[in-house]
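Geometric and topological summary
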Amino acid sequence: MGIFSKPEIIILKESNSAEEHLAKLEELLPRATGKVKENIQKEIILTKAGIDGEKKVLYELKNSNMDLVVLQDICIRAKDGREAQIDFVIVTSKLMILLECKNLVGNIEIDSKGNFIRTIQYGKRYWKEGIYSPITQNERHMEVLKECKSEEWNAVMGAMVRMSFSSFHKSLVVLANEKTYLNDRYAKKEVKEQVIRADQLIATIRRMNAESKLPKSTKKEMLGFGEKCWREIRAKEKITLPDMKS
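Residues numbered from 1 in each chain as written. Predicted model: local features only at pLDDT ≥ 70, side-chain atom pairs only at ≥ 80, totals over all residues. Heavy atoms only, no water.

Now for the environment of Val174. Among the structural elements, Val174 can be located in strand 8 (residues 169-175). The class for Val174 is buried, based on a relative accessible area of 0%. Distance in space between the C-alpha atoms of Val174 and Val57 is 8.0 Å, their sequence separation being 117 residues. (Helix = DSSP H or I, 4+ residues; strand = E, 2+ residues; numbered from the N terminus. Buried < 20%, exposed > 50% of the residue type's maximum accessible area, 1.4 Å probe, protein only.)

Rendered as structure tokens:
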């Protein structure tokens with residue numbers, strides 16, 4: 001890599017599975033009735049929101065002016081049966097970041113216990129509801145990926161992979177809806193550092209990379225890490241549709 005070379009964003013895998021899922025749902029909708037139709041309509045709204053959120057994140061990454069290797073929407077399964085669907089894997093010159101994208105409607109509050117509370121407004125009415133922690137969700141993804149990486153080795157090397165995993169692999173949650181207000185005033189520091197808005201993504205990646213004490217990798221090495229990760233992934237298409245028998 002020359003001293004005057006331009007930053008390069010390499011997309012090793014860009015997903016279209018969500019669009020395929022949406023197309024199947026829209027194909028089912030005209031034939032559905034009653035509760036099934038309602039479930040499909042709700043799933044269509046959620047799927048469209050997810051697609052929109054991931055497009056926003058991908059736009060930020062493609063315009064980051066950084067050397068990055070990106071894999072989008074990957075499914076992995078450990079030998080013990082645990083599965084994870086990861087929105088983005090981002091390889092920087094020092095880190096591999098697992099990114100969970102949330103395109104949520106409403107404002108998000110994170111309290112001192114790490115609970116996520118969403119406030120939604122309909123007309124003049126407001127109500128609050130708890131939502132499943134995306135940090136916990138992404139931590140589970142991290143655990144599955146760690147297991148997938150360690151199980152390819154013998155017991156000794158597998159244990160070493162588990163021990164060193166957290167130094168190279170990091171977790172981030174991105175709130176992609178630009179209208180969402182994030183109130184993390186009372187959240188713990190480690191929580192605040194993991195939950196960000198989409199417009200903070202690139203600055204956060206730069207900060208995490210700068211703070212890492214790991215040696216800096218070349219573009220070729222970064223691409224090698226990304227390709228190795230992709231080879232290790234047992235990719236599969238798994239689309240779940242609403243039960244038409246209900």
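Summing up the model confidence of the chain, the mean pLDDT is 86 and the portion of residues at 70 or higher is 92%. Residue range residues 234-246 is modelled with pLDDT below 50. Its contacts to residues more than four positions away, or to other chains, number 31 contacts. (pLDDT = per-residue confidence, 0-100. Contact = heavy atoms within 4.5 Å.)

What follows is about unusual backbone geometry. Backbone geometry follows two general trends: most residues other than glycine have a negative phi, and most peptide bonds adopt the trans configuration. Unusually for a residue other than glycine, Asn65 sits at a positive phi of about 60°. When you line up the elements, Asn65 lands in the loop between helix 2 (34-62) and strand 2 (68-77). Backbone geometry places Asp73, a non-glycine residue, at a positive phi of 55°. In this fold, Asp73 is placed in strand 2. On the accessibility criterion, Asp73 (8% relative accessible area) is buried.

This brings us to the packing of helix 2 against helix 6 (residues 201-211). Working note: a packed helix pair is described by the angle between its axes plus the distance between those axes. Between helix 2 and helix 6, whose axes approach to 9 Å, the crossing angle comes to 55°. As the angle between them shows, helix 2 and helix 6 are arranged oblique. Judged by the twist between their axes, the crossing of helix 2 over helix 6 is right-handed. Residues Val57, Glu60 and Leu61 of helix 2 form the contact with helix 6, whose own contacting residues are Leu201, Ile202 and Ile205. In terms of residue class, the contact of helix 2 with helix 6 is built from five nonpolar, no polar and one charged. (Axes fitted to C-alpha atoms, helices over the stretch in contact; angles between N-to-C directions. Parallel < 35°, antiparallel > 145°, perpendicular 65-115°, else oblique. Left-handed = near helix turned anticlockwise from the far one by under 90°. Nonpolar A, V, L, I, M, F, W, Y, C, P; charged D, E, K, R; others polar.)

Attention shifts here to the environment of Asn103. In this fold, Asn103 is placed in the loop between strand 4 (96-102) and strand 5 (107-110). Residues Asn103 and Lys179 lie 76 residues apart in sequence; the distance between their C-alpha atoms is 9.9 Å. What Asn103 contacts, discounting residues up to four positions off in sequence, is Ala49, Asp52, Gly53, Lys56, Ala176 and Asn177. A distance of 2.8 Å separates the side chain of Asn103 from the backbone oxygen of Ala49, its partner in a polar contact. A polar side-chain atom of Asn103 sits 3.1 Å from the main-chain amide nitrogen of Asn177. (Polar contact = N/O pair within 3.5 Å; in protein donor to acceptor, adjacent residues only side chain to side chain.)

Summarising the element assignment, Asn177 is placed in the loop between strand 8 and strand 9 (182-183). Using a relative accessible area of 15% as the deciding quantity, one classes Asn177 as buried. Engagement of the side chain of Asn177 in a polar contact is seen with the backbone oxygen of Leu104, the distance being 3.0 Å.

Counting across every chain of the model gives 16 salt bridges. Close ionic contact of Lys56 with Glu178 constitutes a salt bridge, the shortest N to O distance being 2.7 Å. Pair noted here: Lys56 is in helix 2 and Glu178 is in the loop between strand 8 and strand 9, with a separation of 122 residues, a long-range link. According to the relative accessible area criterion, Lys56 is partly exposed, its value standing at 22%. In this structure, Arg82 engages Glu147 in a salt bridge whose closest nitrogen and oxygen atoms are separated by 3.9 Å. Pair noted here: Arg82 is in the loop between strand 2 and strand 3 (83-91) and Glu147 is in helix 3 (residues 134-150), with a separation of 65 residues, a long-range link. (Salt bridge = Lys/Arg side-chain N within 4 Å of Asp/Glu carboxyl O.)

Time to look at the sheet that holds strand 10 (residues 195-197). If you trace the six strands from one edge of the open sheet to the other, you get 1-2-3-4-8-10, paired in mixed fashion. Only two strands of the sheet have a single partner each, and these edge strands are strand 1 (9-13) and strand 10. Ignoring which end each strand starts from, the neighbouring axes of this sheet average 30° apart. With respect to the sheet, helix 2 is in contact with strand 1, strand 2, strand 3, strand 4 and strand 8, its orientation differing from that of strand 3 by roughly 25°. (Pairing = 2+ DSSP bridges.)

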